[in-house]
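Examination of the molecular architecture
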Amino acid sequence: MLERIVIVGAGQAGCQAVATLRAEGFEGSIVMVGDEPFAPYQRPPLSKTYLMGTMERDRLFLKPDAFYADARCETIFDVPVVSINRGARQVICADGRVLSYDKLLLATGTRVRKIKVPGADLPGIHYLRSIADVDALRPAFQSAKTLAVVGGGYIGLEVAAVARKYDLKVVVLEALDRVMARAVSKPVSAFYEQAHREAGVEIHFNTAVEAFEGEARLTGVRAGGKVFAADIALVGIGVVPNCEIAIEAGLDCSDGIRVDRNCVTSDPVIFAAGDCTRHHDRHGDLVRLESVQNAIDQAKHAALAMAGKPKDYAEVPWFWSDQYDLKLQIAGLAKPDDAIVLRGDPASRKFAVFHIRAGKVAAVEAVNAAPEYLVGRKLIADGASVPPERLADTAIPMKTIV
Ligand SMILES: Cc1cc2nc3c(=O)[nH]c(=O)nc-3n(C[C@H](O)[C@H](O)[C@H](O)COP(=O)(O)OP(=O)(O)OC[C@H]3O[C@@H](n4cnc5c(N)ncnc54)[C@H](O)[C@@H]3O)c2cc1C
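Because the structure is predicted, anything quoted here is derived from the model rather than measured.

What follows covers the overall build of the protein. For the protein, the count of helices and strands is ten helices and 26 strands. Taking 2.2 N^0.38 as the reference for a compact globule, 402 residues should give roughly 21 Å; the C-alpha atoms of the protein span a radius of gyration of 22 Å, in line with that estimate. C-alpha extents for the protein along the principal axes are approximately 65 × 60 × 35 Å. Counting all 402 residues of the protein, 43% fall into the buried class.

Shown next as structure tokens:
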């Protein structure tokens, strides 16, 4: 009797799981259910080229429609899964459909964290997670004069960079004391702060939003005791993992669905992959990663395990962000106590920051510095020790450092 795998979530991880299951010779049936009205698409361009208008919508899709037919994957779009009946091994869809499974993959991703202050429902306030969000934001860019970006993280800063190209006045309101504080080191934060200021972006730190102002629509943002005039706002204050159906089904969850190195949840026939999961990384730290790399790699490992070929997931995490002419590439997960080594001069807009922990390269942040990023990633994977003075010396080519 052939097995049936149901995948909940038609995003980066769900799509990858279909591809890997078939590549690994899984012969049973596959059903993928997604709550968006689209086939799986890539999100990174949403805050970059798609928002800018230089990338067509068709190019967002991860696979052509024929891929799902060729992979004999039944697709159900625009229908949320509302619950899991673990005893009966069934998922229940919002339209009443009941799908039986032998194995289940949860690849439900995250949703935006909503801001809870007075006026948060005023027209003119935007979030960015989906195609629909950009399709609402882009026309607003054409008519607006001033954009308030709430949250100086990746999404907020990428949107700020695009908005400057639309010639909008941009004000970033950040509750902490530096940009991208959760994700990058202080030197990299300082560099990006300066790059945005040079591009004409106004940035206010230690400035938490207290309320949105306006009668029929947004006219300003009250933050840090002042009112900043704005006719649109983009709120980018993080995401929340979509794990409610997993929690209700009694799966072990804590800010994400807990999975082991084979992406197995606390139920041996239920797997999870991507942004919705929390796992122990290669150093034993419990992490929830929000990245394309993690979604793809966890989906591959979940598919391998579902196909009966488990292989431990221990990849080096990597991430990127595009702002103006600056490509930021990060490998590894930095920690506050790491020693840091600067290679190159930030003023040249091409440099890297290496993070050293217990004598080994633990992470690299590279700005317009592909060799530093690529070699750094390998050094991290190898657990290599490199004398800091060699890493810092730009006269020594990166490729000779490996
Ligand atoms: C604007 C933006 C820019 C980004 N830029 C970068 C970048 O530069 N680099 C990078 O590495 N990462 C970036 N990311 C993050 C990256 O896109 C995510 O890490 C990745 O999409 C995660 O894949 P996933 O499959 O886990 O989740 P998703 O791709 O979000 O897919 C999950 C899908 O499941 C659906 N779903 C949820 N609950 C249910 C349910 N109950 N029933 C049915 N369907 C459900 C969701 O609606 C969604 O369609 C960006 C994200 C955004 C939003």
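That covers the picture; the talk isn't over yet.
A separate point is the site of the ligand. With respect to spatial proximity, 36 residues lie near the ligand, and among them Gly9, Gly11, Arg43, Gly109 and Gly274 are the closest. Listing elements by their share of the shell around the ligand, those giving two or more residues are α1 (12–23), α8 (292–306) and β22 (318–323). The class makeup of the residues in the shell around the ligand is 17 nonpolar, 13 polar and six charged. Counting contributing residues per domain, the shell around the ligand is built from domain 1 (4–111 + 239–306) and domain 2 (125–235), each supplying no fewer than three.

As summarised here, the arrangement of the three strands in space is β13-β14-β15, forming an open sheet in which the pairing is antiparallel. The open sheet has two free edges, formed respectively by β13 (209–213) and β15 (226–229), since each of these has just one partner strand. Ignoring strand direction, the axes of neighbouring strands in this sheet form an average angle of 25 degrees. Note: strand β14 (residues 220–223) against β15, four bridges, orientation antiparallel. Note on β15: the bridge partner recorded for alanine 223 is lysine 226.

Now for α1. For α1, with twelve residues, the first-to-last C-alpha span of 17 Å sits near the 16 Å given by 1.5 Å per residue. Taken residue by residue, α1 has Gln12, Ala13, Gly14, Cys15, Gln16, Ala17, Val18 and Leu21 as its buried positions. The inward-facing, buried residues of α1 contact β1 (4–8), β2 (29–33), β3 (73–76), β7 (103–106) and α8.

Another aspect to go through is helix α5 (residues 154–165). One turn of an α-helix holds 3.6 residues; hence residues three or four places apart share an orientation. When the terminal C-alpha atoms of α5 are compared, their 17 Å separation across twelve residues agrees well with the 16 Å that a helix rising 1.5 Å per residue should span. Here α5 has its buried residues at Tyr154, Ile155, Gly156, Leu157, Glu158, Val159, Ala160, Ala161, Val162 and Ala163. Where α5 terminates, the next one or two residues include aspartate 167, which has phi positive at roughly 70 degrees.

All right, on to the sheet that holds strand β23 (residues 326–331) then. Pairing in this open sheet of five strands is antiparallel, and the strands run β22-β23-β26-β25-β24 from one edge to the other. Edge positions in the sheet fall to β22 and β24 (339–343), since each has one partner strand and no second. When strand polarity is set aside, the average angle formed by the axes of neighbouring strands in this sheet is 15 degrees. Pairing geometry for β24 and strand β25 (residues 351–357), over five bridges, is antiparallel. Bridge pairing in β25 links isoleucine 340 to histidine 355. Along the sheet, helix α9 (residues 370–382) makes contact with β22, β23, β24, β25 and β26 (360–367), crossing β26 at roughly 160 degrees.

Neither face of strand β16 (residues 232–235) is left uncovered, since the one carrying Ile232 and Leu234 and the one carrying Ala233 and Val235 both have all their residues buried. The sheet contact formed by strand β9 (residues 125–126) and β16 spans two bridges and is parallel. Within β16, the position partnered with histidine 126 by the bridge is leucine 234. Of the pairings in the sheet, the one linking strand β10 (residues 146–150) to β16 comprises four bridges and is parallel in character. The residue of β16 that forms the bridge with alanine 148 is alanine 233.

Turning our attention to the nonpolar core. In terms of nonpolar packing, the biggest core is built from 74 residues, with Ala148, Val149, Leu173, Val221 and Ala233 touching the most fellow members. Counting residues per element, this core draws most heavily on α5, at eight residues. Other than its neighbours up to four places away in sequence, alanine 148 contacts Val171, Leu173, Val221, Phe228, Ala230 and Ala233. Core analysis: the next-biggest nonpolar cluster, separate from the first, contains 47 residues, Val18, Val81, Val259 and Met306 among them.

Conventions and cut-offs
Residues numbered from 1 in each chain as written. Predicted model: local features only at pLDDT ≥ 70, side-chain atom pairs only at ≥ 80, totals over all residues. Helix = DSSP H or I, 4+ residues; strand = E, 2+ residues; numbered from the N terminus. Rg over C-alpha atoms; globule rule 2.2 N^0.38 Å. Buried ≥ 20, exposed ≤ 12 C-beta atoms within 10 Å, placed from the backbone. Near = placed C-beta within 6 Å. Nonpolar A, V, L, I, M, F, W, Y, C, P; charged D, E, K, R; others polar. Domains from an automatic or database assignment. Pairing = 2+ DSSP bridges. Axes fitted to C-alpha atoms, helices over the stretch in contact; angles between N-to-C directions. Expected span 1.5 Å × (residues − 1). Contact = placed C-beta atoms within 7 Å. Core = buried A, V, L, I, M, F, W, Y, C linked by C-beta atoms within 7 Å.

Remember that the coordinates give geometry; whether it matters functionally is a separate question.
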